[in-house]
Amino acid sequence: MDYTLSIDESVRPGTLYVVATPIGNLGDISARAVHVLHGVDHIAAEDTRHSARLLAHLGITTALSSVHEHNERARSAAILGWLGEGKSVALISDAGTPMISDPGYPLVNAAVATGLPVVVVPGPTALVTALCASGLPTDRFVFEGFLPARGGPRRQRLQALARLDVTRVFYEAPHRIVAALGDMVDVLGGERRASVARELTKRHESLYHGSLAELHEKFSAPGAERRGEFVICVAGASAPPLDRIEIETDTLLEKLLGILPLRQAVDTAAGISGLRRNALYQRALELSGDTPASE
Ligand code: SAM
């Protein structure tokens, strides 16, 4: 591995820097992040008052302007203008990596489309921190950000993810942690392995591992600590055991119709699946393009 220590490189004009900041522990700011935030002409921050505290702590006096979810399209146009004039701009969010459940995508998308240089100064993000502490497989995962706030759409989204065989990572607000875990139990099954990470990198960091049912019970209990910031990681659906297979009825019929006459295919499908022969016969006729007929 070749490392480059180039924190004293000069900040380049006309460049958009995407700079990660801590998710709770100030010690996680990188030397390069500090260098870039010192050197750029402008810092575009999600909440200027919040970021002003971080910057004051780091002794950084660079001009700050706001880019948040309600003004980001309009602000992006102004920032692209500054970049076009040769100014350098750093984008930061309230915590962690910008654009990870945070503003910044329209700006970076437009900068890339316009051919303006974009440099990312990587650093903390809650999703990777929680995933690495979850004890769940990290080789493949999906990041789902925040689930919908309302129960119906939230369960629908979980349903859409139910069969995925990879770890999934969710951000969740403290006042929805119990409802979200409850819906996960209902939709994904209480046995599924999961973890809840709370207040990562902060003084009261806590990690909980167990089945979804256990975690739901833990956070539903009277007196449970439900304040703070949360990431939920859930194991992927496991492959069916070797002595059990799952197959769609249509797929089974199609495979059998490819090698057997219709009646024999229907008898075999009924024998394998235990489904009613009549229903399978009607479906086999439809699949083979014949008009349904009574036997
Ligand atoms: N951009 C951030 C990142 O890179 O992780 C995420 C911003 S998003 C608006 C805020 C959510 O991230 C929180 O509601 C929580 O789900 C998660 N999060 C951020 N910091 C966290 C922390 N220290 N511990 C646990 N979760 C955290």
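Our structure's up above, just so we're on the same page.
Let me sum up the structure you'll find in this document. (Residues numbered from 1 in each chain as written. Predicted model: local features only at pLDDT ≥ 70, side-chain atom pairs only at ≥ 80, totals over all residues. Heavy atoms only, no water.)

**Description of the sheet that holds strand S4 (residues 89-92)**
Reasoning step 1: Sheet architecture is open: five strands sit in the order S3-S2-S4-S1-S5, paired in parallel fashion. Two strands bound the open sheet, and with one partner strand each, they are strand S3 (63-66) and strand S5 (118-121). For this sheet, the mean angle separating the axes of adjacent strands, direction not counted, is 25°.
Reasoning step 2: Of the strands in this sheet, strand S2 (42-45), S3 and S4 are in contact with helix H2 (residues 48-58), which crosses S3 at around 150°. (Pairing = 2+ DSSP bridges. Helix = DSSP H or I, 4+ residues; strand = E, 2+ residues; numbered from the N terminus. Axes fitted to C-alpha atoms, helices over the stretch in contact; angles between N-to-C directions. Contact = heavy atoms within 4.5 Å.)

**So, the site of the ligand**
Reasoning step 1: Residues in contact with the ligand amount to 18 residues; listed here are only the nearest, Asp102, Thr125, Tyr171, Leu200 and Phe230.
Reasoning step 2: One of the backbone nitrogen or oxygen atoms of Leu200 is found 2.8 Å away from a nitrogen atom of the ligand.
Reasoning step 3: Take Phe230: an N or O atom from its main chain is 2.6 Å from an oxygen atom of the ligand.
Reasoning step 4: Protein coverage of the free-state accessible area of the ligand, which is 570 Å², stands at 90%.
Reasoning step 5: When residues of the shell around the ligand are traced back to their parent elements, those giving at least two are strand S7 (167-172) and strand S10 (230-234). (Near = heavy atom within 4 Å. Polar contact = N/O pair within 3.5 Å; in protein donor to acceptor, adjacent residues only side chain to side chain. Areas by Shrake-Rupley, 256 points an atom, 1.4 Å probe, with all protein chains shown as cover.)

**Let's talk about the pattern of salt bridges**
Reasoning step 1: For the structure on display, the rule yields twelve salt bridges.
Reasoning step 2: Ionic pairing is found between Arg155 and Asp183, a salt bridge with its closest N-O pair at 3.0 Å. Here Arg155 is found in helix H6 (residues 151-161), whereas its partner Asp183 is found in helix H7 (residues 177-188), with 28 residues between them in sequence.
Reasoning step 3: Take Asp183: its relative accessible area is 6%, and that puts it in the buried class.
Reasoning step 4: Here Arg283 and Asp250 are joined by a salt bridge, their closest N and O atoms 2.7 Å apart. Here Asp250 lies in helix H9 (residues 249-257) and Arg283 lies in helix H11 (residues 277-287), a separation of 33 residues in the sequence.
Reasoning step 5: Look at Arg283 and you get partly exposed, because its relative accessible area is 29%.
Reasoning step 6: For Asp250, a relative accessible area of 27% puts it in the partly exposed group.
Reasoning step 7: By sharing partners, the salt bridges in this structure join Arg154, Arg155 and Asp183 into a single network. (Salt bridge = Lys/Arg side-chain N within 4 Å of Asp/Glu carboxyl O. Buried < 20%, exposed > 50% of the residue type's maximum accessible area, 1.4 Å probe, protein only.)

**Thoughts on the pairing of strand S6 (residues 141-146)**
Working note: regular strand, side chains alternate between the two faces of the sheet.
Reasoning step 1: In this sheet, S7 lies alongside S6 in parallel orientation, the contact comprising five bridges. For Phe146, the partnering residue across the bridge sits in S7 and is Tyr171.
Reasoning step 2: Taken together, S6, H6 and S7 constitute a β-α-β crossover, and its handedness is right-handed. (Right-handed = clockwise from strand over helix to strand, strands pointing away.)

**Description of the state of the cysteines**
Reasoning step 1: Enumeration over the complete set of coordinates arrives at zero disulfides.
Reasoning step 2: You can see Cys132 has no disulfide; the closest cysteine sulfur is in Cys233, sitting 9.2 Å from it.
Reasoning step 3: Judged by its relative accessible area of 59%, Cys132 falls in the exposed class. (Disulfide = S-S within 2.5 Å.)

**Focus: the sheet that holds strand S8 (residues 193-198)**
Reasoning step 1: A sheet is described by the order of its strands in space; here five strands give the open sequence S6-S7-S10-S8-S9, paired in mixed fashion. The sheet terminates laterally at S6 and strand S9 (206-211), the two strands that pair on one side only. Averaged over neighbouring strand pairs, the angle between their axes works out to 15° when direction is ignored.
Reasoning step 2: Running at roughly 130° to S7, helix H5 (residues 126-133) makes contact with S6, S7, S8, S9 and S10 of the sheet.

**Let's talk about H6**
Reasoning step 1: Among all positions in H6, only Arg154, Leu158 and Leu161 are buried. Viewed end-on, H6 has its buried residues packed into an arc of 60°, placing them on one side of the element. Across H6 from its buried face, at more than 90 degrees, point the exposed residues Gln156, Gln159 and Ala160.
Reasoning step 2: Considering only its buried residues, H6 is in contact with S6, S7 and H7. (Arc of directions from axis to C-beta.)

**Points about unusual backbone geometry**
Reasoning step 1: Notably, Met99 is not glycine yet its phi reads approximately 80°, a positive angle.
Reasoning step 2: As for its position among the elements, Met99 is in the loop between S4 and helix H4 (105-114).
Reasoning step 3: Take Met99: its relative accessible area is 28%, and that puts it in the partly exposed class.
Reasoning step 4: If you check the backbone angles, Glu199 has positive phi at about 55° while not being a glycine.
Reasoning step 5: Locating Glu199 in the fold gives a position in the loop between S8 and S9.

**Some points on the packing of aromatic side chains**
Reasoning step 1: Scanning all chains against the criterion turns up four aromatic pairs.
Reasoning step 2: Consider the rings of Phe143 and Tyr171, whose centres lie 4.9 Å apart with planes at 70°: the pair is edge-to-face. Taken together, the residues Phe143 in strand S6 and Tyr171 in strand S7 connect sequence positions 28 residues apart.
Reasoning step 3: Taking the relative accessible area as the measure of exposure, Phe143 reaches 27% and is therefore partly exposed.
Reasoning step 4: Ring geometry for Phe219 against Phe230: centres 5.8 Å apart, planes inclined by 85°, an arrangement best described as edge-to-face. In this pair, Phe219 sits in helix H8 (residues 212-220) while Phe230 sits in strand S10, placing the two residues eleven residues apart along the sequence. (Phe/Tyr/Trp six-rings, centres within 6.5 Å; stacked < 30°, edge-to-face > 60°.)

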